[in-house]
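Structural features, examined
Residues per chain, in single letters:
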Amino acid sequence: MNKRITISNANFSDNKLLLHASESINGLIPTKQILVDSKQYSFVYLMEYLEGYTYIDIPEPIWPLLKETLTKRIPVWIHYNDEELELTNFNEELEDVINNIRGNSNYGEEMVTKVEENF
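A brief look at the structure comes next. The shown structure was predicted, so the numbers you read here are calculated from the model rather than taken from an experiment.

Attention now moves to the pairing of strand 5 (residues 42-49). Of all 8 residues in strand 5, 6 are buried, a share of seventy percent or more. In this structure, strand 5 lies alongside strand 6 (residues 52-59), joined through 8 bridges in antiparallel fashion. Bridge assignment links phenylalanine 43 to a residue of strand 6, and that residue is isoleucine 58. Connecting strand 5 to the next strand, strand 6, in antiparallel fashion are 2 residues.

All told, the structure shown has 8 salt bridges when counted by the stated rule. Glutamate 110 serves as the salt-bridge partner of lysine 114, at 3.9 Å between the closest nitrogen and oxygen. Taken together, the residues lysine 114 and glutamate 110, both in helix 3 (residues 109-118) and 4 residues apart, mark about one turn of the helix. Lysine 114 gets classed as buried once you look at its relative accessible area, which sits at 17%. Shared partners join several salt bridges into a network, and the residues in it are Arg4, Asp37 and Asp57.

About the criteria used
Residues numbered from 1 in each chain as written. Predicted model: local features only at pLDDT ≥ 70, side-chain atom pairs only at ≥ 80, totals over all residues. Heavy atoms only, no water. Buried < 20%, exposed > 50% of the residue type's maximum accessible area, 1.4 Å probe, protein only. Helix = DSSP H or I, 4+ residues; strand = E, 2+ residues; numbered from the N terminus. Pairing = 2+ DSSP bridges. Salt bridge = Lys/Arg side-chain N within 4 Å of Asp/Glu carboxyl O.

Structure representation (structure tokens):
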């Protein structure tokens, strides 16, 4: 069964970006893939789990922090209580996705505009 975890809070700590999850991330395995939810204006980091996938939604309010991770090459981690897990290949994947979205109407005009304004 697939599930979603939406990130509503993030901060920099110990030279990494911590995305604060609202539930346990125990057992999640990074896939090194980022998808796009152009209806919710969100980047989605894909994680594997025993029963399917978990989608880590990173909505537009978090994007300014993502921009900083790209420019400074800061690693991105997901955090819940005392659990932490690096989202491997995050910056490289995000960069590829952003470059693909720019000027690409397949993602919808508003998504393209938001990405171009933020990145």
